[in-house]
Every structure is written in structure tokens, then in C-alpha cells.
Amino acid sequence: ILRTHYSGQISADMDGKEVMLAGFAHEIRDLGGIAFLVLRDREGMAQITLVKKLLGKDVFKMARSISRESVVMVRGNVKAEAKAPRGYEILPTEIQVLSAAQVPLPLDPTEKVECELDTRLDSRFMDIRRPCVLAAFEIESAVLCSLRDYFHKKGIVEVFTPKIVAAATEGGTDLFPISYFEKEAFLNQSPQLYKQMLMGAGMDRVYEIGPIFRAEEHDTRRHLNEAISIDLEVSFADDKDVMEILEEAVAGAYSYVADNCRRQLEVLNMELEVPRLPFKRITYTRALELAEEKAGARMQWGDDLDTETERFLGESIGEHYFLIDWPSSIKPYYTLPYEDKPEICRGFDLMHPRMELASGAQRVHDYSLLVERIKEKGLDPDGFEFYLRAFRYGMPPHAGWGLGLSRLVMTMLNLENIRDAVIFPRDRRRLVP
Ligand code: ATP
Ligand code: AMO
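Residues numbered from 1 in each chain as written. Chains lettered and ligands numbered in written order. Predicted model: local features only at pLDDT ≥ 70, side-chain atom pairs only at ≥ 80, totals over all residues. Heavy atoms only, no water.

A. Spotlight on the site of ligand 2. Around ligand 2 there are 23 residues in total, and Gln192, Arg214, Glu356, Ser359 and Arg363 lie nearest to it. In the model, an oxygen atom of ligand 2 is placed 2.6 Å from a nitrogen or oxygen of the arginine 214 side chain. Alanine 358 places a polar main-chain atom, nitrogen or oxygen, 3.4 Å from an oxygen atom of ligand 2. The fraction of the free accessible surface of ligand 2 (620 Å²) that becomes covered by protein chains is 91%. Here the shell around ligand 2 takes five residues from strand β15 (residues 355-362), the largest share from any one element. Residues that form the shell around ligand 2 fall into these classes: eight nonpolar, seven polar and eight charged. (Near = heavy atom within 4 Å. Polar contact = N/O pair within 3.5 Å; in protein donor to acceptor, adjacent residues only side chain to side chain. Areas by Shrake-Rupley, 256 points an atom, 1.4 Å probe, with all protein chains shown as cover. Helix = DSSP H or I, 4+ residues; strand = E, 2+ residues; numbered from the N terminus. Nonpolar A, V, L, I, M, F, W, Y, C, P; charged D, E, K, R; others polar.)

Structure (C-alpha cells):
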């Protein structure tokens, strides 16, 4: 490996030690007989001080002319220097340009010039060189680490289900068709049917972290056409049980990030407040009443909550909350209606004040009721035969949820647009890069 240290691992107390750094030429400041090359790597910046007398005329001239963002390797000695940004500088003995950057750059990674999201996404490789952009993705990785660790400790098994499928899960629309040899197939919208079948398989508690595809023509700051979903399904559990798992998983991710991503949070200039448990539970009916009383919203019982109502609730509650006891008519067929009040069901949404983060439910596990619910939704049970079979030979009662990774990260870090939480986002207009 062409480095002994990342910039963040070097400090003034290493005075005299020889190190090798590798990264990008962030900036070159030329003061005549002395010049500064600021080398940037994943962990920050290091000042490489170029002294003509020490380097010799040729090397000095070469180093001074390195174009910004070129890839460089520097070998040199650490020198404690109070005037240098992090209390040290590197006096180089060797400088290699491993790959020169052309000029002009497609965008400016030194962050002095802000630019449009579209321009940034067009040159994402250059955009991610900006520390504040990179920080969000490093935090996303920490969130995943925390979730996997939490699931593992709870004995929840990670699974992978197919993304190329023959049927819709969430209803008839919103699918991307693809050709699969001589057959028609689709990109999966959700692992819903598969994770439920695994309950029938006796896997008992499973999770999946993987892509979901939705052919919705949305053009919002919180919708993508390809997203990463964190899906959970647990046998012998009800809606309340999996809501507890969900709130613990979310709050756990916040505290993991707060503890393990201090540098990244500092780069983003933010302090992370860990949400308090338990999250409030508010019924759909109560939410409608509140919105009507306080904000004069005019929604019919049975309507999906509109954006204004969601915004009003978010602003007045001001923290994460669950919306529970939804009308059965607006939740999918696999959501279990209350036995004594079948017009409402055991479905829930986890809300951040800004938007929905997750939805889930206790599921219908009775075969006849499931067939009936599929028909009620105007769907044809024949199309679900591969799924329904798993309900005819013993299906444990079960519950689960799906949580959008990018929405979790976006709300955690206060990112304005969901595209800021996806390395290469796919939306209505974007298929490249
Ligand atoms: P889910 O996809 O799980 O239902 P969601 O938060 O993405 O969750 P949607 O049902 O897609 O929710 O949409 C929720 C609300 O977002 C809708 O009630 C609608 O008011 C609003 N919405 C959806 N699409 C748009 C859009 N293109 N422009 C503005 N608002 C939209
Ligand atoms: P739902 O359709 O609500 O539920 O999706 C679950 C969560 O996935 C995320 N999500 C999205 N994120 C970005 N762009 C999108 N287009 C998008 N669509 C969904 C959201 C959402 O809350 N099968 C159920 C889950 C379950 O009941 O287990 C489902 O898919 O954060």
C-alpha cells in the first residue's frame, strides 16, 4: 500500500517520523522559494511544505506545477510546526504524481464555489471528493453497521430475496418491466412477499438490506426510483413488538453515529441529538382530528394523509412518532384488520417530523382471510399463488416493517434532498452516471 498513514493519524508528537501519505492535491500555494501542497485524503488534509533549498530545483519545480486534484504520493518527515493547520507539516523527500488531473475541473471540490445538485450529480466522482459530501456516506455506512449489529444481537438472520420477480407486491402498478429470456419479469418493489414466505419456512426472524424499485413518476426531494430498504419480518410477533424493534433500531443508529462518527459530524458541523424512546403513538383518527382542530385541514376519514397534514403533525410533535390504527382501506392486503373493528388495521408508519421513514404491520396469516383481502383490493389471487401456497401448510402469526435507508440518513443529517444520501441516485430523469 502506498501509504503508511492517513492525514488524520498524524500529529505533532510524531515529529521526526518518516511517513507516506497518498491522496489528492487539494491546493498548491506558491510563495516563491517556499510552496505549500495541501494533500487531502479521506480523513482530512495534511500540509506538505516544499522548500526549494531542501528539494532541489527540479523537484521543486515539478511539485509546484502539480495541477489541483491530481493524485499524489508523498514520502517525508513529520515536523511539529505551530503555524501549520494541524500543528504539523510534512517535509517531503519524495513526491510522485500517480495521476494528473486535467484542467479545468468539472466542479470545485474545495467547496469555495457552491453549485447545482444536477451539476454535482453529473460529476459525482468529483463531488464526493468534498469532505461534507463524503461524510454523509461514511455515516450511512456506520448506520448500516449499527443496524446489522443490532439485528445480529437479537438473533435476526440476514437474507437476500430476488430482485427479478414475476409479480407485483404492493398492488398492480409502479413496476419496471424487464425481459427475462422469453418471459416478462419485473424489478421487485419490496421483499414483502418473500420475507413473509420465510416466516412459513420457519426462519422465524429475518432482515434484508437491499434495493427496491418503484416506477413512480415522483419528482420530490424524498422519492427515488431505486432505493435501499431495510426490511424486517418476525414470527410470533405483533405490530407492537416490531414497532419496539424499529424504534430501538433507529435510536440505536443515532447513538452509534454520535459515538463513532465524531469527525464526520464535525465536518458536517452538526451535533446529533439521539431521539428519546419510546416514540409517541398517535392513531390515524386522532391525527385527522388534530389536523382539523388546529390547522383546519379538511380530510375525509379514509384518505391517505396529505403532505400538509403530515407537515402540520411533524411541526407540532417535533420528534419521531408512530401513526397507528390506519383505515384498512388504505393499507395493503397483507395488513391485519382488527378483529372487532375491521375498518381499522394493525398497520403503522414511523414518521420523522419531515417525512415518513418506515411502514409496517402485523400481517394477515390466515389463508382464507388473505385471499379475501387480495380480492377486496381488486387483485387476482391466482397471480399470488406462489405466495399463498406458503399460507396453506402452517404459517406463524407474524409482523414486520420496511425502512428507507436514505430517508433515515437524510433526516438524521438534515440533508435537504434525498439525492444527497445516495451515491448514484436514480430518479425520473437520471439514469447516468
Ligand atoms: P409510501 O411510498 O410508503 O406511501 P411516501 O412517504 O413515499 O410513503 P407516498 O404515498 O408516495 O408516501 O406519498 C405521500 C404523500 O406525498 C402524498 O400524500 C402526496 O401528498 C405527496 N406526494 C407524492 N408525490 C408527490 C409529488 N410528486 N409532488 C408533491 N407531493 C407528492
Ligand atoms: P412502503 O411502500 O411504505 O412499505 O416502503 C417502506 C419504506 O421504504 C422507503 N421508500 C422509499 N424511499 C425513497 N423513494 C421511494 N420511492 C420509496 N418508496 C419507499 C420509505 C418507506 O417508508 N412492504 C412494505 C413494508 C412492510 O410493510 O414491511 C413497504 O414496502 O422510507
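B. Structural detail: unusual backbone geometry. Put simply, leucine 277 and proline 278 share a cis peptide bond, and its omega is -10°. Within the secondary structure layout, proline 278 lies in the loop between α8 (262-267) and β12 (280-283). With an omega of -5°, the peptide bond between valine 432 and proline 433 qualifies as cis. With respect to the secondary-structure elements, proline 433 resides in the segment after α13 (405-412). Backbone geometry at glutamate 69 places phi at a positive 75°, although glycine is not the residue there. Within the secondary structure, glutamate 69 is located in the loop between α2 (57-64) and β4 (71-80).

C. Examining the packing of helix α7 (residues 239-260) against α13 more closely. α13 packs onto α7 with a crossing angle of 55° between their chain directions and a minimal axis gap of 12 Å. Classed by the angle they form, the pair α7 and α13 counts as oblique. Of the two elements, α7 crosses α13, and the hand of that crossing is right-handed. Here Val250, Ala253, Tyr254 and Val257 of α7 come into contact with α13, specifically with Leu408, Thr411 and Met412. (Axes fitted to C-alpha atoms, helices over the stretch in contact; angles between N-to-C directions. Parallel < 35°, antiparallel > 145°, perpendicular 65-115°, else oblique. Left-handed = near helix turned anticlockwise from the far one by under 90°. Contact = heavy atoms within 4.5 Å.)

D. Inspection of the sheet that holds strand β8 (residues 176-180) at higher detail. Strand order in the open sheet made by the three strands is β7-β9-β8, with antiparallel pairing throughout. Lying at the two open borders of the sheet, with one neighbouring strand each, are β7 (164-165) and β8. Alignment of β8 against strand β9 (residues 183-187), held across five bridges, turns out to be antiparallel. For tyrosine 180, the partnering residue across the bridge sits in β9 and is lysine 183. (Pairing = 2+ DSSP bridges.)

E. Representation of the pairing of strand β10 (residues 205-213). With seven of nine residues buried, β10 is to be regarded as a mostly interior element. Bridge count for β10 against strand β11 (residues 226-235) is nine bridges, and the pairing is antiparallel. The residue of β11 that forms the bridge with glutamate 208 is aspartate 231. (Buried < 20%, exposed > 50% of the residue type's maximum accessible area, 1.4 Å probe, protein only.)

F. View of helix α6 (residues 192-200). For α6, the buried fraction is high: eight of the nine residues fall into the buried class. Along α6, the residues classified as buried are Gln192, Leu193, Tyr194, Lys195, Gln196, Met197, Leu198 and Met199. In the core, the buried residues of α6 are packed alongside β7, β10, β11, α12 (385-388) and β16 (398-404). Two residues or fewer after α6 comes glycine 202, characterised by a positive phi angle close to 80°.

G. Focus on the packing of helix α5 (residues 131-153) against α13. At a minimum axis distance of 10 Å, the contact between α5 and α13 shows a crossing angle of 120°. Comparing the axis directions of α5 and α13 gives the class oblique. Here the hand of the crossing between α5 and α13 comes out right-handed. When α5 is examined against α13, the residues Ala136, Ile139, Glu140, Val143 and Leu144 are found in contact with a partner set consisting of Leu405, Leu408, Val409 and Met412. Grouping the amino acids of the contact of α5 with α13 by side-chain chemistry returns eight nonpolar, no polar and one charged.

H. Quick peek at empty space enclosed by the protein. What the rule picks out here adds up to one cavity of 30 Å³ or more. Each pocket or cavity is described by its volume, and for the largest cavity that value is around 30 Å³. Surrounding the largest cavity, Asp239, Lys240, Met243, Ile324, Asp325, Arg346, Gly347 and Phe348 form its lining. Contributing elements (two or more residues each) for the lining of the largest cavity: α7 and β14 (347-352). (1 Å grid on protein atoms, 1.4 Å probe; cavity = no way out; pocket = protein on both sides within 12 Å on 5 of 7 lines; lining within 4 Å. Points joined across faces, edges and corners; volume = space filled by probe spheres on them.)

I. Structural detail: the layout of surface pockets. Quantified by volume, the second largest pocket comes out at close to 460 Å³. Around the second largest pocket, the lining is made up of 22 residues, and of these Asp41, Arg42, Gly44, Pro131 and Leu134 lie nearest the centre. Of all the elements in the fold, those that place two or more residues in the lining of the second largest pocket are β2 (34-41), β3 (44-51), α5 and α8. The element that contributes the greatest number of residues to the lining of the second largest pocket is α5, accounting for five residues. For the lining of the second largest pocket, the per-class residue count stands at nine nonpolar, four polar and nine charged.

J. Looking closely at the site of ligand 1. The local shell around ligand 1 consists of His218, Asp219, Thr220, Arg222, His223, Leu305, Thr307, Glu356 and Arg407. Between arginine 222 and ligand 1, the recorded distance is 2.6 Å, taken from a side-chain N or O atom to an oxygen atom. Within the side chain of threonine 307, an N or O atom sits 2.7 Å from an oxygen atom of ligand 1. When ligand 1 is considered free in solution it has 600 Å² of accessible area, and contact with the protein chains removes 61% of it.

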